[in-house]
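Survey of secondary and tertiary structure
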Amino acid sequence: MSVTPPTGFAAIITAAGRGSRAGGDRPKQWCQLGDRPVLAHTLAAFSGFERVVLVVHPDDMAQAIALTCGSVTIVTGGDSRAASVRAALESLEHSDITHVLIHDGARPLVSDEVISGVVMALSTGAEAAAPAVPVTDALWRGENLQVCGTASREGLYRAQTPQGFALGAILQAHRSHPQDAADDVELARKSGIEVAITPGDENNLKITYPADFARAERLLRGHMDIRLGNGYDVHAFGPGDHVWLCGVQIPHDAGLLGHSDADVGMHALTDAIYGALAEGDIGRHFPPSDPQWKGADSAIFLRHAAELARERGFAFGNADITLICEAPKIGPHAGAMQDRLAAIMDLDASRISVKATTSERLGFTGRREGIAAIATIALIKE
């Protein structure tokens, strides 16, 4: 999505800086953010404008042309930010553009709401408008890494972009005050222009330091997706001298009946993963009517479920399995079960819990007719 402003509005994107504080071997606006450069994200936010003017350093002209493919007007920047903005403003003089929004190329996450707020203020009569976020933290003065005083935060705001202006007014302000300034609002106020404050956004960050890239990546991915799944399975005892539980063979005076190896714990965990993914149960993916799964190692099922979760972009938070039986004893084997499940799922064993309980001799498990298992899984996508 992008904002489509009224006729006569243009956007100026400043991207001529050499900003070294962000680290790396190239200017921050050309560094990769997700699947494309920072500047590409910024330009996309203003794609609904009838005119977009991109200001770049002379050394970046070729890659700017390749990035935009002629969709914007590219202007060579000056020795300072103010000089770069003035060059862009002068490229719009004598055109049908009446208002401009001036935005930092290193603010790639500006929202439609922030842009619309500035456009609305200008459309309803403001000569200038800019987004800002009220200061909420306590303010200190410091010297030599020591607090030496405090300052009131009353009436203080953190400035953001895009900053919007009537084209003629801001061009005259730049010509009247050619010296550099913190932003275009400072120059506007020097020329007596009143600037309306519109709502800013905490996520409209300006990439300045290396850590800002990590934060921007998280914001681009959107809100964390957390899925919980549960699984339940039962198998009856039958002839045999061992049982398979959570991938571990345990000697016993009976075996478990089932189409595969009847690993009740692994089946419950597998179904929990499928459930979290809304993918049904084991039977949907490995039908018991299919003879190829007769006596199959249940690790096949669990590994498939784990790989499917990762293909969908999920990581595992934790898994919790409870085996319900009177016998065999689970405690001596719980550690080996954790390790085996962790190996199958390619997961650290510390994220897997295997424990047991009895049903106090009640029901089919209390009568030693079989074993039940319940499992819970947490899947996380950032």
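Data block above holds the structure.
Being a predicted model, the structure only gives us computed values, none of them experimental.

Moving on, we get to the packing of aromatic side chains. In total, this model carries 4 aromatic pairs according to the counting rule given. Relative to F49, the ring of F46 lies with its centre 5.6 Å away and its plane at 55°, an arrangement referred to as tilted. When sorted by exposure, F46 lands in the same class as F49, which is buried. With centroids separated by 6.1 Å and ring planes inclined at 80°, the aromatic side chains of W293 and F301 adopt a geometry described as edge-to-face. When its relative accessible area of 15% is taken as the criterion, W293 is described as buried. Joined through ring pairs, the aromatic side chains of F286, W293 and F301 make up one cluster.

Here we take up the side chain of D183. Mapped onto the fold, D183 is located in the loop between α5 (167-176) and α6 (184-190). Here D183 sits buried without a salt bridge, and the closest side chain of opposite charge, R81, lies 6.7 Å off (N-O distance). A polar contact of 3.3 Å, which involves the side chain of D183, links it to the backbone nitrogen of V185. When neighbours within four sequence positions are excluded, D183 is seen to be in contact with R81, A159 and Q163.

Time to look at the environment of L205. You can see L205 is positioned in the loop between β12 (196-199) and α7 (210-221). When the C-alpha atoms of L205 and F237 are compared, they prove to be 61 Å apart, with 32 residues separating the residues in sequence. Residues within four places of L205 in sequence aside, it is in contact with A106, R107, P108, L109, D212, R215, A216 and L219.

This next bit is on the pattern of salt bridges. Two side chains with opposite charge may pair up if their charged atoms get near one another. Applying the stated criterion across every chain, the model contains 16 salt bridges. Where R107 meets D104, a salt bridge forms, and the shortest distance between an N and an O atom there is 3.4 Å. Considered together, R107 and D104 belong to a single accessibility category, that of buried residues. Between R284 and E279 there is a salt bridge, with its nearest N and O atoms 3.8 Å apart. For R284, a relative accessible area of 53% translates into the label exposed.

Looking now at the packing of helix α8 (residues 264-276) against helix α11 (residues 334-345). Following both chains from N to C, one finds α8 and α11 inclined at 40°, their axes separated by 12 Å at the closest point. Comparing their axes, α11 and α8 come out oblique. Classified by chirality, the crossing of α11 by α8 is right-handed. Here α8 contributes M266, L269 and I273 to the contact with α11, which in turn contributes L341, I344 and M345.

Turning next to the pairing of strand β15 (residues 248-251). Every regular strand shows the same layout, with side chains that alternate between the two sheet faces. Residues V248 and I250 point to one face of β15 and are all buried, whereas Q249 and P251, pointing to the other face, are not buried. Note: strand β14 (residues 242-245) against β15, 4 bridges, orientation antiparallel. Across the sheet, residue V243 finds its bridge partner in β15, namely I250. In this structure, the hairpin formed by β14 and β15 is closed by a connection of 2 residues, where C246 is found at a positive phi of approximately 55°.

For the rest of this paragraph, the subject is the sheet that holds strand β16 (residues 255-256). Across the sheet, which stays open at both edges, the 5 strands sit in the order β16-β13-β19-β17-β18 with mixed pairing between neighbours. Both outer strands of the open sheet, β16 and β18 (352-357), are each paired with one neighbouring strand and no more. Two strands pair when backbone bridges link them, and strand β13 (residues 225-238) and strand β19 (residues 370-381) are joined in this way by 12 bridges, in the antiparallel orientation. Bridged to G231 within β19 is A375. Across the sheet, α11 lies against β17 (315-324), β18 and β19, angled at about 140° from β18, the strand it touches most.

Rules used in this analysis
- Residues numbered from 1 in each chain as written.
- Predicted model: local features only at pLDDT ≥ 70, side-chain atom pairs only at ≥ 80, totals over all residues.
- Heavy atoms only, no water.
- Phe/Tyr/Trp six-rings, centres within 6.5 Å; stacked < 30°, edge-to-face > 60°.
- Buried < 20%, exposed > 50% of the residue type's maximum accessible area, 1.4 Å probe, protein only.
- Helix = DSSP H or I, 4+ residues; strand = E, 2+ residues; numbered from the N terminus.
- Lys, Arg positive; Asp, Glu negative; His and termini not counted.
- Salt bridge = Lys/Arg side-chain N within 4 Å of Asp/Glu carboxyl O.
- Polar contact = N/O pair within 3.5 Å; in protein donor to acceptor, adjacent residues only side chain to side chain.
- Contact = heavy atoms within 4.5 Å.
- Axes fitted to C-alpha atoms, helices over the stretch in contact; angles between N-to-C directions.
- Parallel < 35°, antiparallel > 145°, perpendicular 65-115°, else oblique.
- Left-handed = near helix turned anticlockwise from the far one by under 90°.
- Pairing = 2+ DSSP bridges.

The analysis is restricted to geometry; functional conclusions fall outside its scope.
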